[in-house]
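Architecture and fold: a report
Okay, here's what each chain looks like letter by letter:
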Amino acid sequence: MSRKIKLEENTRQVARNEILQVADMVAREKGIDREEILEAMESAILKTAQLKYGEEKNLEVVINRKSGEIELSRLLSVVDKVNDANIEISFENALLAYPSIKIGEVIRDRLPALDFGRVAAQSARQVIIQKVRSAERMKQSEEFSGRIGEIITGVVKRVEYTDVIFDINGRTEGIIKKSEMIPNEIFRVGDRIKVLLVEINKEQTGPLLLLSRTHPDFLKKLFEQEVPEVYDGIIKIVSVSRDPGSKAKVAVTTSDPNLDPIGACVGLKGSRVQAIVDELKGEKVDIILWSENPVIFIVNSLAPAEVLKIVMEEESGDRVTAVVPDDQLSSAIGRRGQNVRLASKLTGWTINVTTESEETKARAKETARILNTFMNDLDVDEMVAHLLMGEGFSSIEDIALSPTSEISSIEGFDNEIADEIQQRAKTYITKKREEVFKLCDEKGVSPELKNYKLLKPKLLEALVKAGIKTLDDLGDLSKDELMEIAGDLLSESEAGTLIMKIRENWFK
């Protein structure tokens, strides 16, 4: 009999040691903390115990971290009156076993060790696997969460219909969707590819890394890898715009006056930038010198085209017109508008490109319009109209609202002439506004449109005659439709700006 008891004790001791050994082995293989494995085992044993004793009972399983012994207990709260015998014990009964017990305390009633059957063992195994996988997913997510925005290398695991699945480290998968691939790029199983980690999608089967090769930051990070000065922060990449697989523009600057940032990025005989071009499957990269002066920056961004001048459209705030020689128009715009589109993204300005001859014609047309307005509305001769325009006045409103001293300072003018011209301007505006407001009332125009501050009387009159009665009617117009109504009262850029201002209210 004693021999049998001793044999059972030895068997239990082996089982206890095996629990700790298994926990240590899984922790090493999966790279997971040993404590998480033991907690998973406790959860698995608890689930098995609930199958035997009932889920309604408050059970607790603890694995001794040193001996590996499994302690299975039923927790009973000491109460004055028992409502649920599964989780409570009366104070009187508790005193029989624990003389110093108090109401509110918890008794741990030890239960006999479990005899794992096939079903129970299978259930425990599933719980452990689930818990281990959950811990593994959490560890992998933490491992990559700090690397978002970095370039990582993956091995093509499989190619699906539109997506490519990468094996990152033998345990984690990444996906690059078709929209994030460089056009015409072909992947084969086993290829080692550089990709940018954009996001982590925490799925049930494990974290899925969302990857990209078209993101602007991918190009920026390639420069950090190939150009030590960029990696060290001596050269700063200010902005990037890309047409993946075709062309890209990169704006760079440096705080070191003795360093040529463009030359450093290009490298000896183009070696540095060529390595980047090869990685991007032939995508041409233009390196642009950034400037805090927006005009200089815009001129640089339109390279290789020569730019004669930049006209800032003050009313729009973010639009400019670049004037280029007639033979440089195609170079400035680029194939299918690519060059000017990339330049606009790079600088943050909406760039309109026009030729020198077109700009001259437009300027002559605008000059003629202003001269005719002054001559007709102010009843002055052409010379006076030229003098006013030469001083920078472009509308009757400008003259009416300007100080008299500013008009009298024009060569050939005195205070009397200045007063007379300004009075004519004010009289014209008042009379014109009264006429237009009367027309608005007759046509049933909304007060919001009638009093909209950006509409001068002549433009308001043209809109009303065209059947526009509300701000929404005006906002519904396309730029071409508004230009057709306004005639020479608005430039193309002014028409676009006005429509966008009206539409801003739709989204408030």
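Residues numbered from 1 in each chain as written. Predicted model: local features only at pLDDT ≥ 70, side-chain atom pairs only at ≥ 80, totals over all residues. Heavy atoms only, no water.

**Focus on the overall build of the protein**
We count it as follows: The helix count covers DSSP runs of H or I at least four residues long, the strand count covers runs of E at least two residues long, and both are numbered beginning at the N terminus. Burial status follows relative accessibility: with a 1.4 Å probe on protein chains alone, a residue under 20% of its type maximum counts as buried, one over 50% as exposed, and anything between as partly exposed. Here a residue-residue contact requires only that any non-hydrogen atoms of the pair lie within 4.5 Å. Here the accessible surface of atoms and residues is derived via Shrake-Rupley with a 1.4 Å probe, and residues count as covered only by protein chains that are part of the display.
Within the protein, the secondary structure is distributed over 21 helices and 15 strands. Burial analysis of the protein (508 residues in total) assigns 40% to the buried set. Relative to all contacts within the protein whose residues are 6 or more apart in sequence, the contacts with residues 24 or more apart total 54%. Of the roughly 29,600 Å² of accessible surface on the protein, a fraction of 49% belongs to carbon and sulfur atoms.

**Observations regarding the packing of aromatic side chains**
We apply this condition: Stacked, tilted and edge-to-face are the three classes assigned to paired rings of Phe, Tyr and Trp, where Trp is represented by its six-membered ring and a pair needs centres within 6.5 Å; plane angles under 30 degrees give stacked, over 60 edge-to-face, the rest tilted. Note on geometry: a ring has a charge over it if NZ (lysine) or CZ (arginine) is within 6 Å of the ring centre and within 35 degrees of the ring normal.
According to the stated counting rule, one finds one aromatic pair in the structure shown. Considering the side-chain rings of F166 and F187, the 5.9 Å spacing of their centres and the 85° angle between planes classify their relative orientation as edge-to-face. With F166 in strand β6 (residues 164-167) and F187 in the loop between β7 (173-176) and β8 (192-203), this pair connects stretches of sequence that are 21 residues apart. The ring of F437 carries the charged tip of K450 above its face, separated from the ring centre by 5.0 Å.

**Some points on the pattern of salt bridges**
A pair can form between side chains of opposite charge whenever their charged atoms are brought close. Our working definition: The term salt bridge refers to a side-chain nitrogen of Lys or Arg lying within 4 Å of a carboxyl oxygen of Asp or Glu.
All told, the structure shown has 27 salt bridges when counted by the stated rule. A salt bridge links K177 to D163; the nearest nitrogen and oxygen atoms lie 3.8 Å apart. Here D163 lies in the loop between β5 (151-159) and β6 and K177 lies in the loop between β7 and β8, a separation of 14 residues in the sequence. What you see here is one network of salt bridges that share partners, running through K157, R158, E160 and E173.

**Brief notes about the pairing of β6**
Selection rule: Should DSSP find at least two bridges between two strands, the strands are regarded as paired.
Both β5 and β6 contribute to a ladder of four bridges, which runs antiparallel. If you follow R158 over to β6, its bridge partner there is I165. Between β5 and the antiparallel strand that follows it, β6, lie four residues. Judged from the four bridges that link them, β6 and β7 form a sheet pairing that is antiparallel. If you follow D167 over to β7, its bridge partner there is E173. Between β6 and β7, which follow one another and run antiparallel, lie five residues, and G170 among them has a positive phi close to 90°.

**Side note on the sheet that holds strand β13 (residues 309-313)**
The test is simple: Fitted lines through C-alpha atoms serve as axes, helices being fitted only where they are in contact, and the angles separating the N-to-C directions of these axes extend from 0 to 180 degrees.
The mixed open sheet is built from three strands, whose spatial order is β13-β14-β15. Edge positions in the open sheet fall to β13 and β15 (350-355), since each of these has one partner strand only. Pairs of neighbouring strands in the sheet enclose a mean axial angle of 25°, with direction left out of account.

**Concerning unusual backbone geometry**
A cis amide bond links A303 with the next residue in sequence, P304, at an omega value of 10°. Note that P304 resides in the loop between α9 (294-301) and β13. Located in the positive-phi region is K281, a residue other than glycine, with phi close to 60°. What makes K281 exposed here is its relative accessible area of 54%. Positive phi values are uncommon outside glycine, yet D379 reaches one of about 55°.

**Quick look at the packing of α9 against helix α11 (residues 338-347)**
Cut-off, in case you're wondering: Left-handed describes a crossing whose near helix is turned anticlockwise from the far helix by less than a right angle; the clockwise case is right-handed. Basically, the charged four are Asp, Glu, Lys and Arg, the nonpolar ten are Ala, Val, Leu, Ile, Met, Phe, Trp, Tyr, Cys and Pro, and anything else, Gly included, counts as polar.
Contact geometry for α9 and α11: axes closest at 9 Å, N-to-C directions at 145°. Between α9 and α11 the crossing geometry is right-handed. Contact residues: F297, I298 and S301 in α9; A343, L346 and T347 in α11. By residue class, the composition of the contact of α9 with α11 is four nonpolar, two polar and no charged.

**Concerning the nonpolar core**
Short version of the rule: As used in this record, nonpolar core signifies buried Ala, Val, Leu, Ile, Met, Phe, Trp, Tyr and Cys residues forming a set joined through side-chain atoms within 4.5 Å.
Counting residues in hydrophobic clusters, the biggest one holds 23 residues, and the most contacted among them are L219, F223, V250, L280 and V285. Those elements giving two or more residues to this core turn out to be α5 (216-226), β10 (235-243), β11 (247-254), α7 (261-266), α8 (271-279) and β12 (284-289). With four residues, the top contributor of residues to this core is α5. Setting aside residues up to four positions removed in sequence, L219 forms contacts with V240, R242, A248, V250, I276 and L280. The next biggest cluster of nonpolar side chains, apart from the first, holds 22 residues, and it includes V445, L474, L482 and L498.

**Examining the side chain of S239**
The following threshold applies: Think of a polar contact as two N or O atoms within 3.5 Å of one another; within protein, one of them needs to be a possible hydrogen donor and the other a possible acceptor, and neighboring residues in sequence only count if both atoms come from side chains.
Within the element layout of this structure, S239 appears in strand β10. On the basis of relative accessible area, S239 is assigned to the buried category, the value being 15%. Here the side chain of S239 touches L346 through a polar contact of 3.0 Å, landing on its backbone oxygen.

**Observations concerning the side chain of T321**
Mapped onto the secondary structure, T321 falls in strand β14 (residues 319-324). Contacts of T321, omitting those with residues within four sequence positions, involve K309, I310, V311, E313, N352 and T354.

**Quick notes on the sheet that holds β11**
Read across the open sheet, the three strands follow the order β10-β11-β12; overall the sheet is mixed. Edge strands, defined here as strands with exactly one partner in the open sheet, are β10 and β12. Ignoring strand direction, the axes of neighbouring strands in this sheet form an average angle of 20°. Sitting on the sheet, α5 is in contact with β10, β11 and β12, with an inclination near 140° to β10.

The analysis is restricted to geometry; functional conclusions fall outside its scope.
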